[in-house]
Amino acid sequence: MFSLPSIKIGKILGFNIEINYTWFIIFLVILFQFTHILNAEISSFPISVLTGLITTLLFFSSLLFHELCHSYIARLNNLPIKKITLFIFGGVAEMAKEPATPAIEFKMAIAGPLSSFFLSAFFYGVFVLASFLNLGLVITVPSYYLALINLSLAIFNLLPGFPLDGGRLFRATLWFFLKDIKPATKVASLVGQGFAYLLIFVGFVSVIQGLVGGIWFILIGWFLNQAAQGSYQQVVLQRALSGIKVSEIMTKDILTIEPSITLDEMVNNYFLKHRFGRFPVVEGDNFLGVITIHDIKEVSREKWFTTNVGEVLQSSKKSFTISPDNDAIHALMQMAQEEIGHLLVINEKDKLVGLVTRTDIIRLIKVKTELGM
Ligand SMILES: [Zn+2]
């Protein structure tokens, strides 16, 4: 979902926690706002900054706690969570696949808002106790705001815009009654998009009226709209490709190259003749790697007659290959991640057995969706 890189910060309960670079922007914005609020109440700048920093960290810990609750319930129900990422719009726990039943999705989705309600009550308790014991503004002001923010988080996440938690609860309910995840996701995703457009509209109206904060609504609305569309597409893909192995859709007759031929032969007999951007190099039964036009361009033209393919071969064995026993959906995801159009299919004995292309998979999805399968 995020094209910008993230940094790993550690593991909690066995879940990998990552911070996306966009997170630092929001961290500074929140820190600035907390410090600003606190400075108005406490009126000592260094103490305000320090308290602001602690409050900001507690705020992000609250977000992390929310995502950890989702992830924990997911894992209890055999739904693996790839990682938890904090980014500019909050946190997200990335699932490796969709939940198996509406009940699991419901439990998993409700865990988040419940955890935020719990934190809100907790911080409100701290606020009441600290006020009662006269512990001072350094405790009462942050605990009050943290109670308020966690309450807002719980409520915002309960809104029915898929893929927000409320949207997931809505989808789980539809799924339960319709007994089919596809139409349930379609409706939830449309409602999610409608909700996203509403946010964008409210944002625009606010901006026109001079409220700069409206930009925030526009951005969140835009993000939710993308996410809602993406979620539906993912379900359609998963449905069309479920149970299909790479070995069933791969092309078995592929053109391979011997490592002993020269680059000049390679260019004339393969690149110019067949017009592919890359070829697998195979010696006997062994797959050695992939040669690309790019690799050849690295070698000066005079040397093309004397250099052979084996010498310039990139050891790109791992990234561009897939096992025939893998799922087709996995192949599609790998191609998207590596931004390539095809993968070489290599069996456990390191033998090249086929080629799977994005076009093959997309065609299959098209045929199956048109047939309503
Ligand atoms: Zn949530």
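Thresholds, definitions, all that
Residues numbered from 1 in each chain as written. Predicted model: local features only at pLDDT ≥ 70, side-chain atom pairs only at ≥ 80, totals over all residues. Helix = DSSP H or I, 4+ residues; strand = E, 2+ residues; numbered from the N terminus. Rg over C-alpha atoms; globule rule 2.2 N^0.38 Å. Buried ≥ 20, exposed ≤ 12 C-beta atoms within 10 Å, placed from the backbone. Contact = placed C-beta atoms within 7 Å. Pairing = 2+ DSSP bridges. Axes fitted to C-alpha atoms, helices over the stretch in contact; angles between N-to-C directions. Core = buried A, V, L, I, M, F, W, Y, C linked by C-beta atoms within 7 Å. Domains from an automatic or database assignment. Expected span 1.5 Å × (residues − 1). Parallel < 35°, antiparallel > 145°, perpendicular 65-115°, else oblique. Nonpolar A, V, L, I, M, F, W, Y, C, P; charged D, E, K, R; others polar. Right-handed = clockwise from strand over helix to strand, strands pointing away.

(A) Looking closely at the overall build of the chain. Within the chain, the secondary structure is distributed over 13 helices and nine strands. Its C-alpha atoms give the chain a radius of gyration of 27 Å, clearly above 21 Å, the size a compact globule of 373 residues would have. Projecting the C-alpha coordinates of the chain onto the three principal axes gives extents of approximately 85 × 50 × 45 Å. Within the chain, the fraction of its 373 residues that count as buried is 31%. Look at the contacts in the chain between residues 6 or more apart in sequence, and 60% of them connect residues 24 or more apart.

(B) Focus on the sheet that holds strand 8 (residues 342-346). Overall, mixed pairing links the three strands, which are arranged 7-8-9 in an open sheet. At either margin of the open sheet sits one strand with a lone partner, and together these are strand 7 (321-322) and strand 9 (352-357). Sheet strands in contact with helix 12 (residues 328-338) are strand 7, strand 8 and strand 9, and its direction is about 130 degrees off that of strand 8.

(C) Structural detail: the nonpolar core. The biggest cluster of nonpolar side chains holds 31 residues, and the ones touching the most others in it are Met108 and Leu224. Of all the secondary structure elements, the ones that give two or more residues to this core are helix 2 (45-76), strand 3 (81-87), helix 3 (102-132), helix 5 (165-178), helix 6 (181-208) and helix 7 (214-241). Setting aside residues no more than four positions away along its own chain, Leu224 makes contact with Gly161, Gly192, Phe195, Ala196 and Leu199. Grouped together as the second largest cluster of nonpolar side chains are 25 residues, Leu263, Phe287, Ile291 and Val345 included.

(D) Just the sheet that holds strand 1 (residues 6-12), in detail. One open sheet holds the four strands; their spatial order is 1-2-3-4, and the pairing between them is mixed. Two strands bound the open sheet, and with one partner strand each, they are strand 1 and strand 4 (90-95). Adjacent strand axes in the sheet meet at a mean angle of 25 degrees when their direction is disregarded. Two elements, strand 1 and strand 2 (residues 15-20), share six bridges in a ladder whose sense is antiparallel. Within the sheet, the bridge partner assigned to Ser6 lies in strand 2 and is Asn20.

(E) Here's a closer look at the domain arrangement of the chain. When cut into domains, the chain gives domain 1 (6-158) and domain 2 (246-370). Spacing between the C-alpha centres of domain 1 and domain 2 amounts to 46 Å.

(F) View of helix 7. Across its 28 residues, helix 7 extends 41 Å between first and last C-alpha, which sits within 8% of the 40 Å expected from 1.5 Å per residue. Along helix 7, the residues classified as buried are Phe217, Gly221, Leu224, Asn225, Ala227, Ala228, Ser231, Tyr232, Val235, Ala240 and Leu241. Taken together, the buried residues of helix 7 touch helix 6, helix 12 and helix 13 (358-370). Once helix 7 finishes, Gly243 follows within two positions and takes phi at roughly 80 degrees, a positive value.

(G) Seen up close, the packing of helix 7 against helix 12. Here helix 7 crosses helix 12 at 135 degrees, and the two axes come no closer than 8 Å. Compared by their axis directions, helix 7 and helix 12 come out oblique. Facing helix 7, whose interface residues are Leu237, Gln238 and Leu241, helix 12 presents Ala328, Ile329 and Leu332. The class makeup of the residues in the contact of helix 7 with helix 12 is five nonpolar, one polar and no charged.

(H) Spatial organisation of the pairing of strand 9. In this sheet, strand 9 lies alongside strand 8 in antiparallel orientation, the contact comprising five bridges. Looking across to strand 9, one finds that Ile346 is bridged to Leu352. Joining the antiparallel neighbours strand 8 and strand 9 is a turn of five residues, in which Asp350 adopts a positive phi near 65 degrees.

(I) Broad picture of the pairing of strand 8. In terms of residue burial, strand 8 counts as a mostly covered element, since five of its five residues are buried. Neither face of strand 8 is left uncovered, since the one carrying His342, Leu344 and Ile346 and the one carrying Leu343 and Val345 both have all their residues buried. Bridging between strand 7 and strand 8 involves two bridges; their strand directions are parallel. Along strand 8, the bridge assignment pairs Thr321 with Leu344. Considered for its hand, the β-α-β crossover made up of strand 7, helix 12 and strand 8 is right-handed.

(J) Representation of unusual backbone geometry in the model. Backbone geometry places Leu13, a non-glycine residue, at a positive phi of 55 degrees. Considering the arrangement of structural elements, one finds Leu13 in the loop between strand 1 and strand 2. Among the residues examined, Leu13 registers 10 C-beta atoms within 10 Å and is labelled exposed. For Asn78, which is not a glycine, the phi torsion comes out positive at approximately 60 degrees.

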